[in-house]
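Observations on the three-dimensional arrangement
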Amino acid sequence: MTADAILDIVASVCLIAGALLCLAAGIALVRFPDVLSRMHAAAKPQVLGLLLVLFGCALRLRSGVDITTLVLVGLFQLATAPVAAHMVGRTAYPHDDIRRDLLITDELADHIDRIRADRAGEPEETSPVRTS
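Residues numbered from 1 in each chain as written. Predicted model: local features only at pLDDT ≥ 70, side-chain atom pairs only at ≥ 80, totals over all residues. Heavy atoms only, no water.

Description of the environment of phenylalanine 76
Among the structural elements, phenylalanine 76 can be located in helix H3 (residues 64–92). With 24 residues separating them along the chain, phenylalanine 76 and arginine 100 place their C-alpha atoms 31 Å apart. (Helix = DSSP H or I, 4+ residues; strand = E, 2+ residues; numbered from the N terminus.)

As structure tokens, then:
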């Protein structure tokens, strides 16, 4: 076997594994019961699946411009997926779209009234400031 044949086999394994992870993430988005579970499914296996697909493409294409583009796509995905998942979780929290019984630590529980007031557009209650 030549080196090209081995690289093609490794690339095909990466492409198939990445596609299966992306498929599993898509199925989990439909099947999981609450927003946090769906957010986890959309972020973790989807990103790993995309990185495997990009790695398989890089092994198959083997040119500098293509690999640079694939690396940039992977970096942007790694930078944006956690931020998007965080924003989805913060948006779903005050609307009771999550199952709080499944949370181990609920760091926002003390701030839920302020968060709901901010969402409703009401001003925060603050102590009056006197100026003389």
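Topic: unusual backbone geometry
Of note, the phi angle at arginine 62 is positive, near 60°, even though the residue is not glycine. Here arginine 62 lies in the loop between helix H2 (35–61) and H3. Arginine 62 gets classed as partly exposed once you look at its relative accessible area, which sits at 34%. (Buried < 20%, exposed > 50% of the residue type's maximum accessible area, 1.4 Å probe, protein only.)

Concerning a nonpolar patch on the surface
A surface patch of nonpolar side chains, about 600 Å² in accessible area, is lined by Met1, Ile6, Ile9, Val10, Val13 and Phe55. When residues in the nonpolar patch are grouped by element, the largest group, four residues, is from helix H1 (residues 3–31). Residue position: methionine 1 is located in the segment before H1. (Patch = residues over 30% accessible without salt bridge, like charges linked within 9 Å, V, L, I, M, F, W, Y side chains within 5 Å. Areas by Shrake-Rupley, 256 points an atom, 1.4 Å probe, with all protein chains shown as cover. Salt bridge = Lys/Arg side-chain N within 4 Å of Asp/Glu carboxyl O.)

What about the packing of H1 against H2?
It is the contact of H1 with H2, at a shortest axis distance of 7 Å, that shows an interaxial angle of 160°. If you check the angle between H1 and H2, you find them roughly antiparallel. Crossing of H1 over H2 shows left-handed handedness. A per-class count over the contact of H1 with H2 returns 23 nonpolar, four polar and three charged. (Axes fitted to C-alpha atoms, helices over the stretch in contact; angles between N-to-C directions. Parallel < 35°, antiparallel > 145°, perpendicular 65-115°, else oblique. Left-handed = near helix turned anticlockwise from the far one by under 90°. Nonpolar A, V, L, I, M, F, W, Y, C, P; charged D, E, K, R; others polar.)

Focus on the nonpolar core
Core analysis: the biggest nonpolar cluster contains seven residues, these being Val35, Ala92, Tyr93, Ile98, Leu108, Ile112 and Ile115. Contacts of leucine 108, omitting those with residues within four sequence positions, involve Arg90, Tyr93 and Ile115. (Core = buried A, V, L, I, M, F, W, Y, C linked by side-chain atoms within 4.5 Å. Contact = heavy atoms within 4.5 Å.)

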